[in-house]
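Here is how the chains run, residue by residue.
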Amino acid sequence: MIQIAVFSDVHGNLPALDSVLEDMEKRGIRQKFCLGDLVDFAPWGNEVTEKIKDLNIPCLMGNHDERIAFDIPVVPLSKHTEEETFARFVAIDHSKKYITESNKKFLSELPFHLQLNYKIGEKHWNIQLVHSSLSSNDTYLYESESDEVFIKMLEESRSDVIVMGHTHLSFKKQFENNSWALNCGSVGRSKEENRLASYLILTLDEEKIIPEIIQLSYPLDETARRIEESEIPDYYASFLRNEQISMS
């Protein structure tokens, strides 16, 4: 039996990341993979990036990592309210200002995709890791997407499992031959009602793969307070507390 952990979308939230990593250690999970979006929306973008570097955790390039690494202009999104659009511009500008050059270089060198192959007995399992999809790191694929979309991704990548993040909403979808499309949720900016930090454990044996979504509490109120004390808009503190603000 092999266990691996996959997490995504930390978004500068160091307390949430610490809670997730501590839980992995308690469970004895040594193989850890990150699907990207280390930065933006909480004040520890540098600390999060440096922790991923120091721990040598393989990490993909999320759309926010790419934007900060290459100073890509921010474009308003039609799904966002005027309030969120303003907050997003300010928060991303904050990252562009404060993320160090060495950390921007690290983000610029992250891979786009990663495929893992594990051999257990006579069985090879192929696990495809993406930030959001095979062709983009900024495509929103939700659980409500048709099965055909995910089956096509599995076929194109020749994988048994495809794991994604980006939407900040976890899900598990199983298809024939024990194949799966999975979203590991978000560590630092969950859009789920409980706002807990989420990550994925994959348990592999010769016969099957068992996915489990883990959701953990962390010092959320303290995190929100630190956002309020920073130059990051209070919008993101209210978001973490799941207060009644207008948001998509």
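Structure's up top.
Residues numbered from 1 in each chain as written. Predicted model: local features only at pLDDT ≥ 70, side-chain atom pairs only at ≥ 80, totals over all residues. Heavy atoms only, no water.

A.B. asks: So what's going on with the pattern of salt bridges? Residues and values would help.
C.D. replies: One pass over the structure, following the stated rule, counts 15 salt bridges. For R27, the salt bridge is made with D23, and the minimal N-O distance between the two is 2.7 Å. Across the pair E84 and R189 runs a salt bridge whose closest N-O atoms are separated by 3.6 Å. Of this pair, E84 sits in helix 4 (residues 82-98) while R189 is found in the loop between strand 7 (179-183) and strand 8 (197-204), placing the two residues 105 residues apart along the sequence. (Salt bridge = Lys/Arg side-chain N within 4 Å of Asp/Glu carboxyl O. Helix = DSSP H or I, 4+ residues; strand = E, 2+ residues; numbered from the N terminus.)

A.B. asks: Provide a residue-level description of the pairing of strand 2 (residues 31-34), including the pertinent values.
C.D. replies: The pairing of strand 1 (residues 2-7) with strand 2 spans four bridges and is classified as parallel. Residue F7 lies in a different strand from strand 2, and its bridge partner there is C34. With respect to chirality, the unit in which strand 1 leads through helix 1 (residues 14-26) into the neighbouring parallel strand 2 is right-handed. (Pairing = 2+ DSSP bridges. Right-handed = clockwise from strand over helix to strand, strands pointing away.)

A.B. asks: Describe the nonpolar core, listing the residues and the values that go with them.
C.D. replies: Counting 46 residues, the largest nonpolar core has F7, L17, L38 and Y199 as its most contacted members. Looking at which element gives the most residues to this core, the answer is helix 1, with six residues. Setting aside chain neighbours within four positions, we find Y199 in contact with A5, V6, F7, V20, D23, M24, R27, C184, E212, I213, I214 and L216. V6, L35, W180 and C184 belong to the second largest nonpolar core, which has 20 residues in total. (Core = buried A, V, L, I, M, F, W, Y, C linked by side-chain atoms within 4.5 Å. Buried < 20%, exposed > 50% of the residue type's maximum accessible area, 1.4 Å probe, protein only. Contact = heavy atoms within 4.5 Å.)

A.B. asks: So what's going on with the sheet that holds strand 2? Residues and values would help.
C.D. replies: Strand order across the open sheet formed by four strands is 2-1-8-9, with mixed pairing between neighbours. Each of the sheet's edge strands pairs with one partner strand only, and the pair in question is strand 2 and strand 9 (209-216). Across the sheet, the mean angle separating the axes of adjacent strands is 25° when strand polarity is ignored. Across five bridges, the pairing between strand 1 and strand 8 is antiparallel. (Axes fitted to C-alpha atoms, helices over the stretch in contact; angles between N-to-C directions.)

A.B. asks: Tell me about the packing of aromatic side chains, and name the residues and values.
C.D. replies: Under the defined criterion, the tally for this structure stands at four aromatic pairs. Ring centres of Y235 and Y236 lie 5.1 Å apart, and the angle between their planes is 75°; this geometry places the pair in the edge-to-face category. Taken together, the aromatic side chains of F41, Y235 and Y236 make up a single cluster linked through ring pairs. Here the guanidinium or amino end of R189 rests over the ring plane of F239, the centre of that ring lying 4.2 Å away. The ring of F239 has R195 lying over it, and the distance from NZ or CZ to the ring centre is 4.3 Å. (Phe/Tyr/Trp six-rings, centres within 6.5 Å; stacked < 30°, edge-to-face > 60°. Lys NZ or Arg CZ within 6 Å of the ring centre and 35° of its normal.)

A.B. asks: Residue-level account of the environment of E193, with values.
C.D. replies: For E193, the position within the fold is in the loop between strand 7 and strand 8. C-alpha of E193 to C-alpha of L169: the two residues are 24 residues apart in sequence and 9.7 Å apart in space.

A.B. asks: Summarise the environment of R226; cite the residues concerned and give the values.
C.D. replies: Among the secondary structure elements, R226 is positioned in helix 7 (residues 220-229). Leave out the neighbours within four places in its chain, and R226 touches P43 and W44.

A.B. asks: Account for helix 5 (residues 101-108), naming residues and giving values.
C.D. replies: Listed as buried for helix 5 are N103, K104, F106 and L107. Considered in projection along helix 5, the buried side chains sweep an arc of 155° and stay on one side of the axis. Contacts from the buried residues of helix 5 go to helix 2 (45-54), helix 3 (63-70) and helix 4. (Arc of directions from axis to C-beta.)

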